[in-house]
Amino acid sequence: SPDGNYFAVWSERGRLDLNCVEDSLHFYRRQDVEAFLKRSDAGQSIKPVWILNRSDKEGIVINAWRWLRDSSGVAYLEGGGLFSDKRLVLADVRREVVVPLTSTTEGVRTFDVRDRENYVYTAVHKAEREIMRQKAQTEPQSATTIGTGHSLPELLFPDEFEKRGAPPPSSLWAVIKGKRFEVEQDGAPLANAEDLALSPDASSLVTILPVREVPRSWETLYLPPY
């Protein structure tokens with residue numbers, strides 16, 4: 001943890017009795033580990049201060065977990081499977097409770113967090129995804145697929161994306177000092193942001209955005225290697 005008083009260990013196992021995958025975060029105090037290492041009798045194992053267990057039909061269930069800057073807990077994306085919708089969750093180590101930070105109507109893709117009052121994330125609305133899925137099922141299927149504009153998972157797993165429908169554009173949301181709002185640019189939602197990095201004081205954000213219009217000059221500046 002940032003204050004050096006705790007550390008967490010992530011593990012995953014198959015639960016044959018439940019036919020599911022179980023992810024765990026074991027939280028330990030640094031002082032307990034140091035005391036264990038100094039003892040001559042190492043027969044007794046170290047007891048964690050808290051064990052967080054989450055299970056689902058597929059792994060990984062606890063995704064992209066990271067400590068809050070005040071070391072009070074860990075934030076992570078919860079949801080198993082490569083194509084499942086995930087939500088942003090806070091695991092409070094001191095109170096030993098799990099608190100969702102996003103609603104069940106949102107599918108969170110990526111996030112960055114400072115504390116429970118300051119974080120950013122990108123998400124798609126499940127209702128919009130369902131509309132696009134139904135529309136895709138009624139449209140005639142093409143014999144060929146244009147790769148431009150599609151992600152690598154979409155091209156590698158076309159059947160899975162066909163069942164779910166084309167993903168709608170993700171929106172960028174911010175919660176600053178407890179106030180939630182959608183981030184916009186020139187009055188329009190900031191769509192499909194990736195790899196978020198929130199500044200330490202939560203006043204600025206660095207991200208990667210798709211190019212809206214490719215400049216003609218790029219055709220001569222960035223020639224293909226062949």
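Reference entry: report on the structure contained in this document. Computed from a prediction, not measured in an experiment: that's the story for all the values here. (Residues numbered from 1 in each chain as written. Predicted model: local features only at pLDDT ≥ 70, side-chain atom pairs only at ≥ 80, totals over all residues. Heavy atoms only, no water.)

Side note on the pairing of strand β9 (residues 118-125)
Point 1. Along β9, seven of the eight residues are buried, which leaves the element largely enclosed by surrounding structure.
Point 2. Of the strand pairs in this sheet, strand β8 (residues 106-115) and β9 are connected by eight bridges, and their pairing is antiparallel. Following the sheet pairing, V113 is matched in β9 by Y119.
Point 3. Where β8 hands over to β9, the hairpin turn is made up of two residues, counted between the paired strands.
Point 4. Pairing analysis gives five bridges linking β9 to strand β10 (residues 171-176), with the strands arranged antiparallel. Bridging from a neighbouring strand, Y119 pairs with V175 of β10. (Buried < 20%, exposed > 50% of the residue type's maximum accessible area, 1.4 Å probe, protein only. Helix = DSSP H or I, 4+ residues; strand = E, 2+ residues; numbered from the N terminus. Pairing = 2+ DSSP bridges.)

A few points about the sheet that holds strand β2 (residues 20-29)
Point 1. Taken in spatial order, the three strands make up an open sheet running β1-β2-β3, and their pairing is antiparallel. Here the strands that pair on one side only, and so sit at the sheet edges, are β1 (6-15) and β3 (50-56). Between one strand and the next, the sheet's axes are offset by a mean angle of 15°, whatever the strand orientation.
Point 2. Alignment of β2 against β3, held across seven bridges, turns out to be antiparallel. Residue F27 lies in a different strand from β3, and its bridge partner there is W50. (Axes fitted to C-alpha atoms, helices over the stretch in contact; angles between N-to-C directions.)

Comments concerning the pairing of strand β5 (residues 73-78)
Point 1. Among the six residues of β5, six are classified as buried, and the element is accordingly described as predominantly covered.
Point 2. Here β5 shows two buried faces, one formed by G73, A75 and L77 and the other by V74, Y76 and E78.
Point 3. Direction of pairing for strand β4 (residues 62-67) relative to β5: antiparallel, over a ladder of four bridges. In the strand pairing of β5, W67 is matched with V74.

Notes on the pattern of salt bridges
Point 1. Per the stated rule, a full pass over the model turns up twelve salt bridges.
Point 2. When the shortest N-O distance is used, the salt bridge between E22 and R13 registers 3.0 Å.
Point 3. On the basis of relative accessible area, E22 is assigned to the buried category, the value being 9%.
Point 4. Classification of R13 by relative accessible area gives partly exposed; the value is 48%.
Point 5. Taking the shortest distance from any N to any O, the salt bridge between R15 and E22 comes out at 2.9 Å.
Point 6. The network of salt bridges with common partners includes R13, R15, D17 and E22. (Salt bridge = Lys/Arg side-chain N within 4 Å of Asp/Glu carboxyl O.)

Just geometry here; none of it tells us what the structure is for.
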